[in-house]
Amino acid sequence: MAVRSIVISGDPVLHSPAASVENFDDDLRVLVQDMYETMDAAPGVGLAAPQVGAPLRLFTYSYVDDDDRSWRGVAINPELWITPVPAGEADEDEDVEGCLSYPGERFPLLRSASAILRAVDQDQQPFEIDAEGWLARIFQHEYDHLDGTLYVDRLEHFYAKIATKVTRKRGWGIPGLSWVPGVDNLEN
């Protein structure tokens, strides 16, 4: 198992819909294990396969909620149902989100307060999770990656302008850029 490079915004794999997983084989098991290692090393609470250059519909997640319940798993070929996003503006303290493919930056973004995730695990066993709060946010964020959407694509105009400037200043927005957790220090 290995920590993989995380692709930075601008690479086509991040901006295109991912393909369904069809082969549940040893290659998939290695990818999932590498994604866990990469997510933990970053550190992150979720990681979608496109973020490590694999254009497949799967993501890993790892989060401990306010009740100290640990949520850790892989969602393969997921479906996600969400409640409507609340009206208004994102709170700059409560709604701040980041992304390992847009490292070191965080912006406020409104998300649905609850979501239902349906998927299969790497043994093709179906599962369903009714998520609230940050877990629902994590699922929405990672699911967006599978459709070729980054959270910065959803920002309100004011923050989108700032994100565009950051992209330009850091030289992102082009194919082929990546970083390696534990080697590169882009999250700070």
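Residues numbered from 1 in each chain as written. Predicted model: local features only at pLDDT ≥ 70, side-chain atom pairs only at ≥ 80, totals over all residues. Heavy atoms only, no water.

Under an unreviewed UniProt entry, the name given to the chain is Peptide deformylase, and the source organism is Cryobacterium algoritolerans. What UniProt states about the chain under its Catalytic activity (unreviewed entry) heading is, verbatim, "N-terminal N-formyl-L-methionyl-[peptide] + H2O = N-terminal L-methionyl-[peptide] + formate". Under the UniProt heading Function (unreviewed entry), the note attached to the chain is "Removes the formyl group from the N-terminal Met of newly synthesized proteins. Requires at least a dipeptide for an efficient rate of reaction. N-terminal L-methionine is a prerequisite for activity but the enzyme has broad specificity at other positions." (UniProt positions renumbered as here; feature names shortened; annotations may be inferred.)

Enquirer: Explanation requested: the packing of aromatic side chains in the structure shown.
Expert: For any two aromatic rings, the description comes down to two numbers: the centre-to-centre distance and the angle of the planes. For the structure on display, the rule yields seven aromatic pairs. A centroid spacing of 6.1 Å and a plane angle of 45° characterise the contact between Phe59 and Phe139, whose relative ring orientation is tilted. Placement of the pair is Phe59 in strand β3 (residues 58-64) and Phe139 in helix α2 (residues 133-146), with a sequence separation of 80 residues. Neither residue differs from the other here; Phe59 and Phe139 are each classed as buried. When the centroid spacing of 6.4 Å and the interplanar angle of 40° are considered together, the rings of Phe107 and Tyr151 count as tilted. One end of the pair, Phe107, is in strand β6 (residues 102-108); the other, Tyr151, is in the loop between α2 and α3 (157-170), with 44 residues separating them in the sequence. Residue Tyr151 is classed as buried on the basis of its relative accessible area of 1%. Through successive ring pairs, a cluster of aromatic residues spans Phe107, Tyr151, Phe158 and Tyr159. It is Arg57 that lies over the ring of Tyr143; its NZ or CZ is 5.4 Å from the centre. The ring of Trp134 has Arg137 lying over it, and the distance from NZ or CZ to the ring centre is 4.7 Å. (Phe/Tyr/Trp six-rings, centres within 6.5 Å; stacked < 30°, edge-to-face > 60°. Helix = DSSP H or I, 4+ residues; strand = E, 2+ residues; numbered from the N terminus. Buried < 20%, exposed > 50% of the residue type's maximum accessible area, 1.4 Å probe, protein only. Lys NZ or Arg CZ within 6 Å of the ring centre and 35° of its normal.)

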